[in-house]
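Analysis of the macromolecular model
Chain by chain, the residues:
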Amino acid sequence: MPLKIGVIGTGMIGEDHIRRLTQVLSGAEIVAVSDVDARKAQAVADRIGARRHETGEALIADPNVEAVVIASWGRTHAAYVLAALAAQKPVFCEKPLATSSADCRRIVEAEAALGRRLVQVGFMRRFDPAYVAMQRLIAAGRIGTPLMFHSVHRNASVPPSYIPAMILDDTCVHDIDISRWLLADEVKAVTVKSARRNSKGRADLADPTLVLLEMAQGGLVDIEISVQIGYGYDIRGEVVGETGTVALSTGSPVDLRSAGAVSGHVPEDWRERFITAYDEEFRHWLPAAAAGSATGPSCWDGYAATLATEAAARARDSGQTQTITMIDKPALYASPNGDQGPERTIFAAGG
Ligand code: NAP
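Residues numbered from 1 in each chain as written. Predicted model: local features only at pLDDT ≥ 70, side-chain atom pairs only at ≥ 80, totals over all residues. Heavy atoms only, no water.

Remarks on the sheet that holds strand 5 (residues 91-93)
Condition: Only strands that DSSP links by at least two bridges are regarded as paired with each other. Comment: elements are numbered from the N terminus, with helices defined as DSSP H or I runs of at least four residues and strands as E runs of at least two. Two residues form a contact once any of their heavy atoms are found within 4.5 Å. Lines fitted to C-alpha atoms define the axes here, with helix axes fitted over just the stretch in contact, and angles between the N-to-C directions of these axes take values from 0 to 180 degrees.
One open sheet holds the six strands; their spatial order is 3-2-1-4-5-6, and the pairing between them is parallel. At either margin of the open sheet sits one strand with a lone partner, and together these are strand 3 (51-52) and strand 6 (119-121). Pairing analysis gives six bridges linking strand 1 (residues 3-8) to strand 2 (residues 28-34), with the strands arranged parallel. Each bridged residue has a counterpart across the sheet, and for L3 the counterpart in strand 2 is A28. Contacts from helix 2 (residues 38-48) reach strand 2 and strand 3, with the element oriented near 155 degrees to strand 2. Against the sheet, helix 9 (residues 275-290) touches strand 1, strand 2, strand 4 (67-70), strand 5 and strand 6, its axis set at about 120 degrees to strand 1.

In structure tokens form, the structure reads like this:
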């Protein structure tokens, strides 16, 4: 029997997840959708034969909905996650888990009170074959103790609904999560510098922004966030260890040599660059949700990342380094696969 899923948010990524759940993966049936844009939601509902609910809360309460995918605007996530936890329904929540650490903390406390994980957060980089290979090589000691991580996150453009706060709490949140995962460490302090503004872009965005993370065990992470780079979607990363380095390949699948020049392809957007990772994170979520549980990126990961983006916003506004104090980690998130992503090997990192 396929898992009966309700999807809240039928925007860009909501539509993309509906496509993968209905056309790419097996074991899922979308029985309900909801979006603040009722016309958009109705069009999707009619197309896939699902019921449209007026609100996300009504969708969560629908007895026919066994599990919930939250793909609405980040600022709406917390209320939906809390409602799904209250209904004890498994959740896939797009990042960020919530845009305030207070909301993330409420979610962590609600899930810990249940005593079992029900939420997987959409930190899909942990399922990307290249990042998985990097993480496995680091964990296997192939570059010695990791000391630094250089991360680059460049978007070609952002939609009009992208507000200035999203540079940190919606975009940089990915780089913060992957830093924690690759270095197996927590963020201790954050410093932020805004560069000379990209004059080709919107005047209200501090673009590009440079974020420096100090990790608890002494590692350093520098993150470039550029959200209007124009030429494509460019994700880079290199971890520097005591005896070696490991970097994401920046090459395109093929090099074109023509007219005296070498050229390659840059992905258009996140859908293209991370298509495998999105598929894999749902392959991971579906069986766990069908069993009434969750593994992979957790509410603790969502809390830790948002705590750091909040500190980054304070650092940017004050010009001062901000230190981070975390709550005690509930035992629920200390299990072997509780907060460190996929257990199964997607890409062999040997050799
Ligand atoms: P989007 O195209 O703007 O879609 C968001 C959708 O949610 C829109 O249809 C929006 O309606 C709707 N919405 C807004 N408030 C809502 C509410 N209260 N209840 C129900 N629906 C509501 O944005 P998106 O790019 O799909 O992003 C959605 C989420 O996915 C964000 O959290 C974003 O960070 C995340 N995301 C993750 C990745 C990734 O790499 N993991 C990539 C892209 C997006 P209106 O258009 O009418 O406002």
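Read on, since the account is not over.
Structural notes on the site of the ligand
So the rule is basically this: Residues are classed as near a molecule or strand on a simple rule: at least one heavy atom within 4 Å of it. The definition of a polar contact used here is a pair of N or O atoms within 3.5 Å, where within protein one atom must be able to donate a hydrogen and the other to accept one, and adjacent residues in sequence count solely through side-chain atom pairs. Any residue that is not Ala, Val, Leu, Ile, Met, Phe, Trp, Tyr, Cys, Pro, Asp, Glu, Lys or Arg is counted as polar, Gly included; the first ten are nonpolar and the last four charged.
Taken together, 24 residues form the shell around the ligand, and within it D35, Y80, K95, D170 and Y278 come nearest. A distance of 2.6 Å is found between an oxygen atom of the ligand and a side-chain nitrogen or oxygen belonging to D35. A distance of 3.2 Å separates an oxygen atom of the ligand from a polar atom in the side chain of H174. Elements supplying a minimum of two residues to the shell around the ligand: helix 1 (12-24), helix 4 (77-86) and helix 7 (166-183). Here the shell around the ligand is built from residues that sort into 11 nonpolar, seven polar and six charged.

Description of the packing of aromatic side chains
Defined as follows: Ring geometry is summarised as follows: Phe, Tyr and Trp rings, the Trp one being its six-membered ring, pair when their centres sit within 6.5 Å, and such pairs are stacked at plane angles under 30 degrees, edge-to-face over 60 and tilted between the two. In this scheme, a residue with accessible area under 20% of its type's maximum is buried, one over 50% is exposed, and one in between is partly exposed, where area comes from a 1.4 Å probe on protein chains only. Charge over a ring is defined by NZ of Lys or CZ of Arg lying within 6 Å of the ring centre and within 35 degrees of the ring normal.
For the coordinates displayed, the defined rule picks out eight aromatic pairs. Taking the centre distance of 6.1 Å and the plane angle of 70 degrees together, the rings of F92 and W285 count as edge-to-face. With F92 in strand 5 and W285 in helix 9, this pair connects stretches of sequence that are 193 residues apart. Each member of the pair, F92 as well as W285, is classed as buried. Joined through ring pairs, the aromatic side chains of F92, F282 and W285 make up one cluster. Looking at R75, its charged tip hangs above the ring of W73, at a distance of 5.5 Å from the centre.

Here's the deal with the sheet that holds strand 7 (residues 146-154)
With mixed pairing, the seven strands of this open sheet are ordered in space as 12-11-7-10-9-8-15. Looking along the sheet, the strands with just one partner apiece sit at the ends: strand 12 (245-247) and strand 15 (322-323). For strand 8 (residues 187-194) and strand 9 (residues 209-215), the ladder comprises seven bridges, and the chain directions are antiparallel. Paired with V187 across the two strands is M215, which belongs to strand 9. The sheet contacts of helix 6 (residues 129-139) involve strand 7, strand 11 (234-241) and strand 12, and relative to strand 11 the element is tilted by about 5 degrees.

A look at helix 6
Restricting attention to buried positions, one finds in helix 6 the residues Y131, V132, A133, M134, Q135, L137 and I138. Buried residues belonging to helix 6 abut strand 7, helix 7, strand 11, strand 12 and helix 8 (270-273). Taken from the residues just after helix 6, G141 is the one with a positive phi, measuring 80 degrees.

What to know about the domain arrangement of the chain
Applicable threshold: The split of the chain into domains comes from an automatic or database domain assignment. Buried area, as used here, totals the accessible surface that two parts lose on assembly, with accessibility defined by a 1.4 Å probe and the loss added over both.
Taken domain by domain, the chain comprises domain 1 (3-125 + 277-298) and domain 2 (127-268 + 304-326). For domain 1 versus domain 2, the distance between C-alpha centres works out to 26 Å. At the junction of the two partners, domain 1 supplies 21 residues and domain 2 supplies 23 residues. Between domain 1 and domain 2, roughly 1,800 Å² of surface is buried when both sides are summed, and carbon and sulfur atoms account for 58% of that area.

Describing unusual backbone geometry
Cis geometry marks the peptide bond from K95 to P96, where omega comes out at -10 degrees. With respect to the helices and strands, the residue P96 is situated in the loop between strand 5 and helix 5 (101-114). Cis rather than trans, the peptide bond between D207 and P208 has omega equal to 5 degrees. Within the element layout of this structure, P208 appears in the loop between strand 8 and strand 9. The phi dihedral of Q88 falls on the positive side, at around 55 degrees, and the residue is not glycine. On the secondary structure map, Q88 appears in the loop between helix 4 and strand 5. In this structure, A184 is a non-glycine residue whose phi angle is positive, near 50 degrees. Counting through the fold element by element, A184 comes out in the loop between helix 7 and strand 8.

Things to note about the environment of D35
For D35, the position within the fold is in the loop between strand 2 and helix 2. Relative accessible area serves as the criterion here: at 12%, D35 is assigned to the buried category. For the pair D35 and Y80, spaced 45 residues apart in the sequence, the C-alpha separation amounts to 12 Å. Excluding anything up to four places from it in sequence, D35 contacts G9, T10, G11, K40 and A41. Polar contacts involving the side chain of D35 include one to the main-chain amide nitrogen of T10, which spans 2.6 Å. For D35, the side chain forms a polar contact with the main-chain nitrogen of D37, separated by 2.8 Å.

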